[in-house]
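Residue-level structural notes
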Amino acid sequence: MLRQNLNSSKSCTSRTLMSPAVHSPGLLSFGASFSVGVKDSIPARKSKRGLSVRRRASTGVKAIFMTPKKTAAPTVKADITVLQTVGGVLSHLGLSRGMDDIADLMGKTLLVELVAANADPKTGEEKATIKSYARRTEIKDNKEYYETGNFDIPEDFGEVGAILIENEHRTEMHLQKIVINGLPAGTVEVTCDSWIHPKFTNPEKRVFFTKPYLPSQTPSGLTRYRDRELTVLRGDGTGERKKGERIYDYDVYNDLGDPDIKPETARPVLGGAKHPYPRRCRTGRPRAKTDPLSESRSSTVYVPRDEEFAEVKQATFSAKTLYSVLHALVPALGATAIDQTQGFPYFTAIDNLFDEGILLPDIPTSGFLRNIIPRLVRALSETRNSVLRFETPELIDRDKFAWFRDSELARQTLAGLNPCCIKLVTEWPLKSALDPKTYGPPESGFTKEMVECESKSLLTFDKILKQKRLFVLDYHDVLMPYVNKVREIKGTTLYGSRMLFFLTEHSSLSLLAIELTRPPVDGKPQWKQVFVEPSDATGLWLWRLAKTHAIAHDTGYHQLVSHWLRTHACTEPYIIATNRQLSAMHPIHALLKPHFRYTMEINALAREALINAGGIIENSFSPAKYSIELSSVAYDLLWRFDHEALPADLINRGMAVEDPTQPHGLKLTIEDYPYANDGLLMWDAIKQWVTDYVTHYYKEETAVESDTELQAWWTEIRTLGHGDKKDEPWWPKLKTSADLIGIITTMIWVVSCHHAAVNFGQYHFGGYFPNRPTIARTPMPVENPSEEEKKKFLERPEQFLLDCFPSQVQAATVMSILDVLSTHSPDEEYLGMEAQSCLAEDKVIKAALEQFRGRLKEIEGIIDARNANTDLYHRAGAGIVPYELLKPSSSAGVTGKGVPNSISI
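A brief report on the enclosed structure follows. Note that the structure is a prediction, hence the values are computed from the model and not measured.

Considering the overall build of the protein
A count of helices and strands for the protein gives 29 helices and 24 strands. The proportion of buried residues among the 905 residues of the protein is 57%. The long-range fraction of contacts in the protein, counting pairs at least 24 apart against all pairs at least 6 apart in sequence, stands at 72%. By element, 52% of the accessible surface of the protein is carried by carbon and sulfur atoms, the whole surface being about 39100 Å².

Digging into the pattern of salt bridges
This structure, assessed with the given rule, holds 49 salt bridges. Between Lys 790 and Glu 787 there is a salt bridge whose closest N-O contact spans 3.6 Å. Here Lys 790 pairs with Glu 787, and both are found in helix α25 (residues 787-795), just three residues apart, close to one helical turn. Judged by its relative accessible area of 36%, Lys 790 is partly exposed. Each of Asp 251, Asp 255, Arg 280, Arg 285, Glu 295 and Arg 607 takes part in a single network of salt bridges with overlapping partners.

Structural notes on the packing of helix α14 (residues 537-581) against helix α16 (residues 599-609)
For the pair α14 and α16, the least separation of the axes is 10 Å and the interaxial angle reads 125 degrees. Considering their axes alone, α14 and α16 lie oblique with respect to each other. α16 is crossed by α14, and the crossing has left-handed handedness. Together, Trp 564, His 568, Ala 569, Thr 571, Glu 572, Ile 575 and Ile 576 of α14 and Thr 599, Met 600, Ile 602, Asn 603, Ala 606 and Arg 607 of α16 make up the contact between the two elements.

Some details on the sheet that holds strand β18 (residues 496-503)
Overall, antiparallel pairing links the five strands, which are arranged β16-β17-β18-β19-β20 in an open sheet. The outermost strands of the open sheet, each flanked by one partner alone, are β16 (423-424) and β20 (527-531). The pairing of strand β17 (residues 470-474) with β18 spans five bridges and is classified as antiparallel. From the neighbouring strand, Leu 473 faces β18, where its bridge partner is Met 499. Relative to the sheet, helix α9 (residues 406-415) contacts β17, β18 and β19 (509-518), its axis offset from that of β19 by approximately 90 degrees. Of the strands in this sheet, β17, β18, β19 and β20 touch α14, which is tilted by about 85 degrees from β19.

About the cut-offs
Residues numbered from 1 in each chain as written. Predicted model: local features only at pLDDT ≥ 70, side-chain atom pairs only at ≥ 80, totals over all residues. Heavy atoms only, no water. Helix = DSSP H or I, 4+ residues; strand = E, 2+ residues; numbered from the N terminus. Buried < 20%, exposed > 50% of the residue type's maximum accessible area, 1.4 Å probe, protein only. Contact = heavy atoms within 4.5 Å. Areas by Shrake-Rupley, 256 points an atom, 1.4 Å probe, with all protein chains shown as cover. Salt bridge = Lys/Arg side-chain N within 4 Å of Asp/Glu carboxyl O. Axes fitted to C-alpha atoms, helices over the stretch in contact; angles between N-to-C directions. Parallel < 35°, antiparallel > 145°, perpendicular 65-115°, else oblique. Left-handed = near helix turned anticlockwise from the far one by under 90°. Pairing = 2+ DSSP bridges.

This is how it looks when you write it as structure tokens:
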């Protein structure tokens, strides 16, 4: 009509028309004005479109359409960072990669949708999402950068509460972060660190929330997204899990054996009344054909996709190296030995592992191994083979004969690889709690007279006990039920054992005596003998053999209980429950997420080749096929969540008492106890950080108890994740902020400091295996020996000791594993590192985090000063390895220090 009127006008002027520009919602603005002559009068009014009209005199009215003077609409765009992955690089050769490149060229790589935090106040309905496609703009430093077009955001859209992502590629992408620029309220940055599945395999869009909220504070526009995401993560408990899925559920450890291969590889189910155990992630694999209680095995073990190692080019050294050692190096080592049971012929042959190494067979994996494990595997220029040559552990590098000294064994009990098991002796005589009808007399063979004599002090036994100077490593009751079972297996043996220590006047720990016990068997009564260090040659060699057995028990307990059970296995239920019950926008989820990084993947890898039937643990440790079953006994008898807190653990073992006048509120029984001294510094720093964090989000005392997600989380941990202990009275209540602080601090302590203390010194202390043998293969020569054994021991006691040590294959295998387990990855995330962006943006949390980092720096200085103090016999002195396992930071590699955020190796 307008064009018709213009054409019919008698006094028409020229006009210029321009295309409409991008406009703000509710406002149509034109890029130019134009004059129009019309015959009829037009009333003055304001158009809904913002057009102004004014009257003109004479024969007609001239209407002038003018652009209102408005501020240009803001440019709102999203910048997206994607990590390049190994899979992404290799897939350039395939059809999917080609299709993805086409999608990139068309600018349809990622569909990004902004979700309003609040619903429409009039209708109560969610506001429509605002969409834009992202296209790749740059590839740099192993990262791909994407940018969206401009988001056309209505004025009443409000705060962006979440971002939906749909991957238009045919392959998954590892999304690192999203940054939205140009919003009136400022830049929004979201840390994702998540795999994004292609829409072609799963149409469900991924949601990422921009801020943490307690459930009761969830903005109205996000409630559905919060609930829906948790529903997706929980799954329905059915079906076999597929790679790429993100479903978290519980199951028992019924996949360690492989009964379909042969009956000997069947293993009992761990989890349930018979063998209590923490739960692991459900995979849903079919049941074994020959055992309906067992799950069938496969070449890979499912873990939720975001729990897997990020296959980025520059990262995951430790994870890939561990996988390579398990699946390539260990089989190669087996191929080098004609006799798998052959021991070392002399001690210099052990030294050759570090000086000359082991020639690996000429197999295709050799070149690969050289690349993935350069620290251990070296190429030989004159041959096609590779050589496995071990680095000299720091303990032996500083003092070649340190492992031989009783004082070093005692020192390592407080500042070595397993410093969390020694206990104060408070009752005498030491007694077993096992049934005497089955295991024999319960009283220990240690006597008061022996203690008084061997302590070489002027104190009576009663004064020694009263002054808290007697300590014990007691594995008697955990090991005794398996002694006769293990002895049926060729190439290993076992005893119940105790080691007794005395605290000298110089505040150094001294080894007094060792007790080895065998229960009744085949009509023979219980055998028990106490060994002390004598002055005669025969007694001295018996003492060395007894130490080998006792240390092998401590090494096994360390690996199976202090390390695997108390950190890896017991943490997995926390991870599952956190993802099932705490929304990603829950502040406690955000706090815990960095502390659960890669743990489930490491645990799955352990079930594949470390703790499985016929795996490295069973082949190299004294309990053999009963190894992990034995850890179930320890879980049943000893594990308590409330005692996993360091202060409670020290008090429970008699290594400290509460004392408000002392630093940390505790008085240590042994003042020079490096693990406890450094650990309490770290415990307090973590607790203060957690306190600042929790009290910021839970300002009302009733807020913790009324938090529905938090209460469901804690209930599920107790009743499902650790369901075999659900009725125990010692579980902490969760009603107040103080309760929550205690629970969270305990979890973070276990996955960071406790794990660091028992893991990253493994090569330093166990790399030279005579210091910490993993297995004692032959019984003591005084326990019902044959005439041939007597003669062999008396004529060549050194060879008898070498035969007791691990075989050559066992030693090399374990040394390779310990080297990798002790290695910090180049992409390691240490305690106190950068928080997620949603937390860092909060000024209060940011300030608390800075204080935490500052305290960790102070602790490093304190630890350095302690290690320089030669009055502290347990951590300083000639040839002594300084105690740095709880020093917060580290460089990459085998350093013997550094506390990562999580159990990532």
